[in-house]
Amino acid sequence: MDARRQAVPGTGMLAGLGLGALEEQLYLRLLGLPAAEPQWLAAQLNLRASIVVAALAVLAELGLVESCAAGAWTAVPPDVALEELLLRREVELRRARGRIGELMRTYRQGRPDDGAAGPVEVISGRRSIADLWRTLQLGVRERLRVLDRPPYVRRSDPQTGLALLGRGVTTRVVYHSRVLRDPERLAEIRTFTAAGEQARVHTEVPLKLALLDDRWALLPVSAGTELESVLLIRPSTLLDALAGLFELYWAHAMRLPEPSEEPPEDRHRQLLTLLAAGLTDESIARQLGVSTRTVQRWVREVMDRFGTRTRFQAGIQAARAELL
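Residues numbered from 1 in each chain as written. Predicted model: local features only at pLDDT ≥ 70, side-chain atom pairs only at ≥ 80, totals over all residues. Heavy atoms only, no water.

Visitor: Any details on the packing of helix α7 (residues 126–139) against helix α8 (residues 158–166)? Residues and values, ideally.
Guide: The description of two helices packed together rests on the angle between their axes and the distance between the axes. Axis separation between α7 and α8 bottoms out at 10 Å; the angle between their running directions is 15 degrees. It follows that α7 is roughly parallel to α8 by the angle criterion. Crossing of α7 against α8: the hand is left-handed. Where α7 abuts α8, its residues Arg134, Gln137 and Leu138 lie against Thr160, Gly161 and Leu164. Per-class residue counts for the contact of α7 with α8 are two nonpolar, three polar and one charged. (Axes fitted to C-alpha atoms, helices over the stretch in contact; angles between N-to-C directions. Helix = DSSP H or I, 4+ residues; strand = E, 2+ residues; numbered from the N terminus. Parallel < 35°, antiparallel > 145°, perpendicular 65-115°, else oblique. Left-handed = near helix turned anticlockwise from the far one by under 90°. Contact = heavy atoms within 4.5 Å. Nonpolar A, V, L, I, M, F, W, Y, C, P; charged D, E, K, R; others polar.)

And the structure:
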């Protein structure tokens, strides 16, 4: 068995490049030295010299170190070495991705009767659903689109979602307007919008739905079964239809109100959004941290501003003025 197979998987800054923990430690140590002999490195790391020599051989094969005079080793400059290693990894990943279709054909041939891996697949069990959702999130490359409605399920792994935003995945979510009545849920959403999530609200969200790139969709088999049974949709006319459904609701949804209520222009926009979302004066008051009487006064101000007699007319005028 070669040294690379024996290496302990790394968890540091270079683990994503396939370096084991020892290889990464050696490379980082050599970066700060003109050169070093294996025996000296072994003494510094309290390891046998043979283990260090094997790890250096792995690094040399990856182009990260090179031997120099008198049996010493030196690090290759990272701007050259790491760039080349990244390119190699990208080529390997593209090659692997290109074989997915071939592997899926083999998978289907081994399951001719159960319908698995077809355009629609049923996934059952809470653990299986959670594992699938995490895997799909990790596989997203460009965009995630979500329709979210009650019953609300707390994000079991918010770090995965935040990491997804951190690597530049465009995330758009349409939330049911009831979310505005749940302070805890709303605070959770604020965390994600602060990280870059685009959020809107709608008074009618027909179903829970997640669209990941243009490759997968995930939705419950039926209402109330979110944690028990879901449908995994692969590229098909059904997937296209679900994407169209999301875009329709996104176009008609309203921006999530900002927490600030100042200045008055922003306060009126926030008030109109909450009214359009179907919240009562009492719910709006709780949301904005003011009294019901204050909300009613603001509503009158908006109606006077647009010269209307009803809230509905004020909403129409606000939309025309592009306040919503």
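Visitor: Describe in detail the pairing of strand β4 (residues 143–148), supporting the description with residues and values.
Guide: For β4, a buried count of five out of six residues is recorded, marking the element as mostly surrounded by other parts of the structure. As paired strands, β4 and strand β5 (residues 170–176) are joined by six bridges and run parallel to one another. Bridging from a neighbouring strand, leucine 147 pairs with valine 174 of β5. (Buried < 20%, exposed > 50% of the residue type's maximum accessible area, 1.4 Å probe, protein only. Pairing = 2+ DSSP bridges.)

Visitor: Tell me about the sheet that holds β4, and name the residues and values.
Guide: Pairing within the open sheet is mixed, and its eight strands lie in the order β3-β9-β8-β7-β4-β5-β6-β10. Of all strands in the sheet, those with a lone pairing partner are β3 (120–124) and β10 (254–255), marking the two edges. Bridging between β4 and strand β7 (residues 209–212) involves four bridges; their strand directions are antiparallel. Note that in β7 the partner of leucine 147 across the bridge is leucine 209.

Visitor: Would you mind going over the pattern of salt bridges in detail, with residue names and values included?
Guide: Under the defined criterion, the tally for this structure stands at twelve salt bridges. Here aspartate 148 makes a salt bridge to arginine 185, at a shortest N to O gap of 2.6 Å. Taken together, the positions of aspartate 148 in strand β4 and arginine 185 in helix α9 (residues 183–194) put the pair 37 residues apart, joining distant regions of the chain. In this structure, aspartate 148 and arginine 185 share a single accessibility class: buried. (Salt bridge = Lys/Arg side-chain N within 4 Å of Asp/Glu carboxyl O.)

Visitor: How would you explain the pairing of β7 if you had to name every residue and give the values?
Guide: Both faces of the sheet carry side chains from a regular strand, because those side chains alternate between them. The alternating pattern of β7 places Leu209 and Leu211 on one face and Ala210 and Leu212 on the opposite face, and all of these are buried. Bridging between β7 and strand β8 (residues 216–220) involves three bridges; their strand directions are antiparallel. Counterpart to alanine 210 in the pairing with β8 is leucine 218. As consecutive antiparallel partners, β7 and β8 are separated by three residues, and within that stretch aspartate 213 has a phi angle of approximately 50 degrees, a positive value.

Visitor: Report on unusual backbone geometry, specifying residues and quantitative values.
Guide: For asparagine 46, which is not a glycine, the phi torsion comes out positive at approximately 60 degrees. In this fold, asparagine 46 is placed in the loop between α3 (38–45) and α4 (49–61). For aspartate 213, which is not glycine, the phi dihedral falls at a positive 50 degrees. Mapped onto the fold, aspartate 213 is located in the loop between β7 and β8. Residue classification places aspartate 213 among the buried positions, given a relative accessible area of 8%.

Taken by themselves, the reported measurements are silent on function.
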